[in-house]
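Each chain is listed here by its residues.
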Amino acid sequence: VGLVSWAQSAAEARRKADENAVATDEMAEKYKDLTESVQQSKQAWDDRVQSTEAQVASADILAKKLDELSQKENKTNSEKAQMKYYVEQLNELIPDLNLKYDEEKDALNKSSEAIRKNIEMQKQLALAKAAQERMTEIAKEMADAELELAEATDQHMKNQYALNEAQKEFNKAQQEWIDGGSQMSGELYQAYTKAANAVADAQINMDKSRETVIGYKDTVKELNKEFDAMDEFAQKSVNAAELEEQL
């Protein structure tokens with residue numbers, strides 16, 4: 001256990017002293033931060049859609065209750081107060097509804113069908129606005145991801161070069177150690193083990209940077225797909241709102 005612990009400590013110390021290792025670790029951490037940010041943005045979008053759907057569902061229920069009560073003749077003061085309450089709640093849920101109730105005349109300024117259409121239109125406009133705002137977020141995320149991808153690719157090329165150089169040094173040190181009798185001690189052995197560690201460390205950097213570059217490429221690809229899908233969603237919502245307005 002002690003030997004294993006010592007080997008791990010030695011590897012960690014080499015990594016802290018390795019410029020490429022430090023840069024590679026920082027690059028991987030930046031990728032992790034970006035993916036977390038993207039996931040949070042996606043969740044915020046899902047939450048906003050669910051919130052809009054919930055508001056509209058509540059508005060639909062209130063509109064139905066309002067319609068049922070509005071058809072009753074000779075309403076009591078309590079029922080008129082209930083009508084007023086429904087109207088206030090609907091206006092709060094759908095700010096641009098502009099629904100009014102005249103208690104004296106016992107009349108609404110809009111028909112039940114007009115209220116329904118207005119609720120649906122406002123829902124589609126709210127979804128379109130949310131989608132357009134999400135598109136702006138995605139565009140920024142894409143720009144950040146592409147910039148960091150370029151940096152990650154550059155670091156990956158440095159790691160590839162470092163690995164090739166380390167492999168050359170290892171081949172040389174190994175041959176010298178073999179020619180010297182393959183002793184398990186001495187300067188040749190120390191040079192051989194040092195070169196072997198350098199190759200192993202360089203390989204870790206290579207593997208890590210390759211994984212990060214692939215991750216960035218996948219992220220950029222997914223963000224492009226999401227942008228196109230959001231653009232289509234926004235346009236459909238706007239078209240649906242315009243259709244409700246025309247009916």
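Keep in mind the model is a prediction, meaning the values are calculated, not measured. (Residues numbered from 1 in each chain as written. Predicted model: local features only at pLDDT ≥ 70, side-chain atom pairs only at ≥ 80, totals over all residues. Heavy atoms only, no water.)

Quick notes on the overall build of the protein
The cut-off we apply is this: Helix and strand assignments follow DSSP, with helices taken as H or I runs no shorter than four residues and strands as E runs no shorter than two, numbered in order from the N terminus. Atoms considered for the radius of gyration are the C-alpha atoms alone. The globule rule reads 2.2 Å times the number of residues to the power 0.38. We call two residues contacting when some pair of their heavy atoms lies within 4.5 Å. Each accessible area is a Shrake-Rupley result for a 1.4 Å probe, and residues are judged covered by the shown protein chains and nothing else. Positive charges are assigned to Lys and Arg, negative charges to Asp and Glu, while His and the chain termini are left out of the count. Here the site of a charge means atom NZ of a Lys, CZ of an Arg, CG of an Asp or CD of a Glu.
The secondary structure content of the protein amounts to five helices and two strands. The secondary structure elements of the protein, listed N-terminal to C-terminal, are α-α-α-β-β-α-α. Relative to the globule expectation of 18 Å for 247 residues, the C-alpha radius of gyration of the protein, 33 Å, shows a markedly less compact shape. Partitioning the contacts of the protein with sequence separation of at least 6, the portion at a separation of at least 24 is 73%. About 15500 Å² of surface is accessible on the protein, with carbon and sulfur atoms providing 51% of the total. Put simply, the protein has 32 plus and 50 minus side-chain charges, and the middle of one group is 3 Å from the middle of the other.

Focus: unusual backbone geometry
Convention followed: Relative accessible area decides the class of each residue, using a 1.4 Å probe on protein chains only: under 20% of the type maximum gives buried, over 50% gives exposed, and in between gives partly exposed.
Residue Asp 106 is not a glycine yet carries a positive backbone phi of 50°. Looking at the element boundaries, Asp 106 is found in the loop between strand E1 (101-102) and strand E2 (107-108). Even without glycine at this site, Ser 182 takes up a positive phi of about 55°. Topologically, Ser 182 is positioned in the loop between helix H4 (112-179) and helix H5 (187-246). Judged by its relative accessible area of 30%, Ser 182 is partly exposed.

Observations concerning the packing of helix H2 (residues 19-70) against H4
Applied cut-off: For helices, the fitted axis covers only the stretch in contact; all axes are lines through C-alpha atoms, and the angles between them, taken along N-to-C directions, range from 0 to 180 degrees. Note on terminology: angles under 35 degrees are roughly parallel, angles over 145 are roughly antiparallel, angles of 65 to 115 are roughly perpendicular, and the others are oblique. Any residue outside Ala, Val, Leu, Ile, Met, Phe, Trp, Tyr, Cys, Pro, Asp, Glu, Lys and Arg is labelled polar, Gly included; the first ten of those are nonpolar and the last four are charged.
Contact geometry for H2 and H4: axes closest at 10 Å, N-to-C directions at 175°. In terms of orientation, H2 lies roughly antiparallel with respect to H4. Tallied by class, residues from the contact of H2 with H4 come to 19 nonpolar, eight polar and 16 charged.

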